[in-house]
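Now for the letters of each chain:
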Amino acid sequence: MNSVFCADIGTSSLKAALIDFSGRVLAFSRVQFGLFYTDHAAGEWLGALRKALGDCIASGKLGSFANTGASCTGTSGANICDTAGTSVLSANAGTSGQDTQISIDAICISGNGPTLCGRDGQTLLWNADIGAVAGGDTGSGTADTSVPSANTKSLYIPRILGFAKRFPSYWQQKDCTVFSGPEYLIYLLTGKALSILPEERFLEAYWGKGGFEEAGLSEKDAEIAMQKLPTFVPPASIAGTLTKEAAAFLGGIKDGIPVVCGAPDFISALVGTNTLRAGLFCDRAGSSEGINLCTSKPVVGQGIRTLPSIIPGLWNASVLLPESGERFSAYREKISRLYARPISLDEMVQILLQSDGSLVELDQGKYLMLQTAMMVRDGLNALWRAAEESDAVPLLKAEMTVTGGQAENALWNQMKANVTGYTVYTQSLVHAELTGDAVFALLALGLYKDIHSAAAVVCKRDCCYEPQEVIK
């Protein structure tokens, strides 16, 4: 059985999955970071990838593993044995009693795009305060790289200049290279430096020499900045092959397999939910929450942000609900103190929905849930109105795919359906960034002709939540 190993770098954890060529999820792992919110957060990403790979190999979802080949017969465990020059797992098929070899044929990486890293792991996280980084220059000794405000349409240039301020000695080095999060991990695996551009229309939101000059740099300093940024490649490009050193560090995987470029996490999630045709909604519900609608033309409206889709000619309109997941996490800590024991998200939702109103603390939590669901409803309505006013979709359906950690809770999904009036779908793997990575990897391996055909196979809806008693 052939598979791809997919990983997504978040702010506080790395998620990974082993997915076969039909889109079936064989194993999943999440590894928490300890150094996030530090200047060397990226220093633990490769170790987290190693642990996630080991977790996936050892996962019970893959069955009972045994080493294969003449040199290791009869040995059980979570090892991979190199037979015939490929990395293989031997998983017991269960009913037939036959072993099924599982080969890892590619690795694909996605993650926070605006998180920036240097070659040595110096890190400026996507949500770090760049306004507090002042002084220094770009390396010529002449330019003031004060972080620009309205002088650029780029999402990246202010952060790149903020990186230069935070790490001036590194920025001035001749071999200084600045990577996004996934690009840095790809560099560690392959030794290849590159930048991932989701689609040509994103160029304005990324960088160019003219963009740096608009932000206030001289022509010379703009050229210096450009030299520190690798050449653009599209998602699904093969960045290179896994080096012997990286394979030895990761353990259990053969060097020389392709390492594939994923995309910034929100792009990978849109691909992983198959939100690739005009009129489709998805809800990325993690630490923050983004309601997204694929449209045939840009739409405008208060609180709506429109960016190109990865599909040429299409667009993605979104409404951001900042910190919705973080509010849940903060409240979960509060209720854990109330019950004097750790409370999971699933248990918290069940406690809140079953509350009889006798405890003020639980009423507060129930109100938080209702308030968040109503914010989702308002975001959906805003996108719907803007799309209709712009005639930006041929047909809108009152349904959405929900992805992210919040989507793992069935009661919460049902409440969202009730409050919004939308049919809510979840997928077999709720972390759609990883499903999107699998689409990119299978495209890179040449198994599908285009992104639509790959996503149609890989992105599998699992559960459906129809609105029951609509809450207004």
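The rules behind the values
- Residues numbered from 1 in each chain as written.
- Predicted model: local features only at pLDDT ≥ 70, side-chain atom pairs only at ≥ 80, totals over all residues.
- Heavy atoms only, no water.
- Salt bridge = Lys/Arg side-chain N within 4 Å of Asp/Glu carboxyl O.
- Helix = DSSP H or I, 4+ residues; strand = E, 2+ residues; numbered from the N terminus.
- Axes fitted to C-alpha atoms, helices over the stretch in contact; angles between N-to-C directions.
- Parallel < 35°, antiparallel > 145°, perpendicular 65-115°, else oblique.
- Contact = heavy atoms within 4.5 Å.
- Nonpolar A, V, L, I, M, F, W, Y, C, P; charged D, E, K, R; others polar.
- Buried < 20%, exposed > 50% of the residue type's maximum accessible area, 1.4 Å probe, protein only.
- Arc of directions from axis to C-beta.
- Phe/Tyr/Trp six-rings, centres within 6.5 Å; stacked < 30°, edge-to-face > 60°.
- Lys NZ or Arg CZ within 6 Å of the ring centre and 35° of its normal.
- Pairing = 2+ DSSP bridges.
- Left-handed = near helix turned anticlockwise from the far one by under 90°.

### Re the pattern of salt bridges
Part 1 of the reasoning: Applying the stated criterion across every chain, the model contains 14 salt bridges.
Part 2 of the reasoning: In this structure, glutamate 219 and lysine 209 form a salt bridge, with 3.6 Å as the shortest nitrogen-oxygen distance. Here the residue glutamate 219 occupies a position in helix α6 (residues 219-227), and lysine 209 occupies one in helix α5 (residues 209-214), the gap between them amounting to ten residues.
Part 3 of the reasoning: Between arginine 284 and glutamate 433 there is a salt bridge, with the nearest N and O atoms lying 3.3 Å from each other. Of this pair, arginine 284 sits in strand β14 (residues 281-285) while glutamate 433 sits in helix α13 (residues 432-444), and the two are 149 residues apart along the sequence.
Part 4 of the reasoning: Look at the salt bridges and you will find they share partners, linking Lys209, Glu213 and Glu219 into a network.

### Some points on the packing of helix α8 (residues 265-272) against α13
Part 1 of the reasoning: At a minimum axis distance of 7 Å, the contact between α8 and α13 shows a crossing angle of 80°. Considered as vectors, α8 and α13 are oriented roughly perpendicular to each other. Across the interface between the two elements, Asp265, Ser268, Ala269, Val271 and Gly272 from α8 touch Ala432, Glu433, Thr435, Gly436, Asp437, Val439 and Phe440 from α13.
Part 2 of the reasoning: Residue composition of the contact of α8 with α13, grouped by class: five nonpolar, four polar and three charged.

### Focus: helix α2 (residues 157-166)
Part 1 of the reasoning: In terms of burial, α2 is a largely internal element, nine of the ten residues being buried.
Part 2 of the reasoning: Tucked into the core, α2 has its buried residues touching β7 (116-117), β8 (123-124), α3 (168-171) and α5.

### What to know about unusual backbone geometry
Part 1 of the reasoning: Here asparagine 274, not a glycine, exhibits a phi torsion of approximately 60°, which is positive.
Part 2 of the reasoning: Looking at the element boundaries, asparagine 274 is found in the loop between α8 and β14.
Part 3 of the reasoning: You will see that alanine 340, though not glycine, has its phi angle at about 60°, which is positive.
Part 4 of the reasoning: Relative to the helices and strands, alanine 340 resides in the loop between α9 (324-339) and α10 (345-353).

### Considerations on α10
Part 1 of the reasoning: Within α10, burial applies to Met348, Val349, Ile351 and Leu352. Burial along α10 is one-sided: seen end-on, the buried residues are contained in an arc of 165°.

### Thoughts on the packing of aromatic side chains
Part 1 of the reasoning: Per the stated rule, a full pass over the model turns up 15 aromatic pairs.
Part 2 of the reasoning: An angle of 80° between the planes, with centres 6.1 Å apart, marks the rings of phenylalanine 163 and tyrosine 170 as edge-to-face.
Part 3 of the reasoning: Exposure remark for phenylalanine 163: the relative accessible area of 0% places this residue in the buried category.
Part 4 of the reasoning: Taken together through their ring pairs, the aromatic side chains of Tyr156, Phe202, Tyr206, Trp207 and Phe232 make up a single cluster.
Part 5 of the reasoning: Over the ring of phenylalanine 249 we find arginine 50; its NZ or CZ atom is 4.0 Å from the centre of that ring.
Part 6 of the reasoning: Sitting over the face of the ring of tryptophan 315, arginine 201 holds its NZ or CZ atom 4.6 Å from the ring centroid.

### Some words on the sheet that holds strand β16 (residues 305-308)
Part 1 of the reasoning: Pairing in this open sheet of seven strands is mixed, and the strands run β16-β17-β15-β14-β18-β19-β20 from one edge to the other. At either margin of the open sheet sits one strand with a lone partner, and together these are β16 and β20 (461-465). Each strand axis lies, on average, 30° off the axis of its neighbour in the sheet, ignoring direction.
Part 2 of the reasoning: As defined by bridge partners, β14 adjoins strand β15 (residues 289-295) across five bridges and the pair is classed as antiparallel. Residue pairing for β15: arginine 284 is matched across the bridge by glycine 290.
Part 3 of the reasoning: The sheet strands contacting α8 are β14, β15, β16, β17 (315-321) and β19 (423-427), and the helix crosses β14 at an angle near 135°.

### Here we look at the packing of helix α11 (residues 360-390) against helix α12 (residues 410-420)
Part 1 of the reasoning: Direction vectors running N to C along α11 and α12 enclose 55°, while the axes themselves pass 9 Å from each other. One finds that α11 runs oblique with respect to α12. Crossing hand, α11 versus α12: right-handed. Here Met369, Leu370, Thr372, Ala373, Met374, Val376, Arg377 and Leu380 of α11 lie close against α12, whose contacting residues are Trp412, Met415, Lys416, Val419 and Thr420.
Part 2 of the reasoning: When grouped by side-chain class, the residues that make up the contact of α11 with α12 number nine nonpolar, two polar and two charged.

### What about the sheet that holds β7?
Part 1 of the reasoning: Pairing in this open sheet of three strands is antiparallel, and the strands run β8-β7-β9 from one edge to the other. Strands with a single pairing partner mark the edges of an open sheet, and in this sheet they are β8 and β9 (179-180).
Part 2 of the reasoning: Across two bridges, the pairing between β7 and β9 is antiparallel. Its bridge partner lying in β9, leucine 116 is registered against serine 180.

### Some words on the environment of leucine 242
Part 1 of the reasoning: Note that leucine 242 resides in the loop between β12 (238-241) and α7 (244-250).
Part 2 of the reasoning: With a relative accessible area of 2%, leucine 242 lands in the buried category.
Part 3 of the reasoning: A C-alpha to C-alpha distance of 6.4 Å links leucine 242 and proline 258, two positions 16 residues apart in sequence.
Part 4 of the reasoning: If we ignore the near neighbours within four places in the chain, the residues touching leucine 242 are Ile107, Leu189, Ala247, Leu250, Ile253, Lys254, Asp255, Gly256, Ile257 and Val259.

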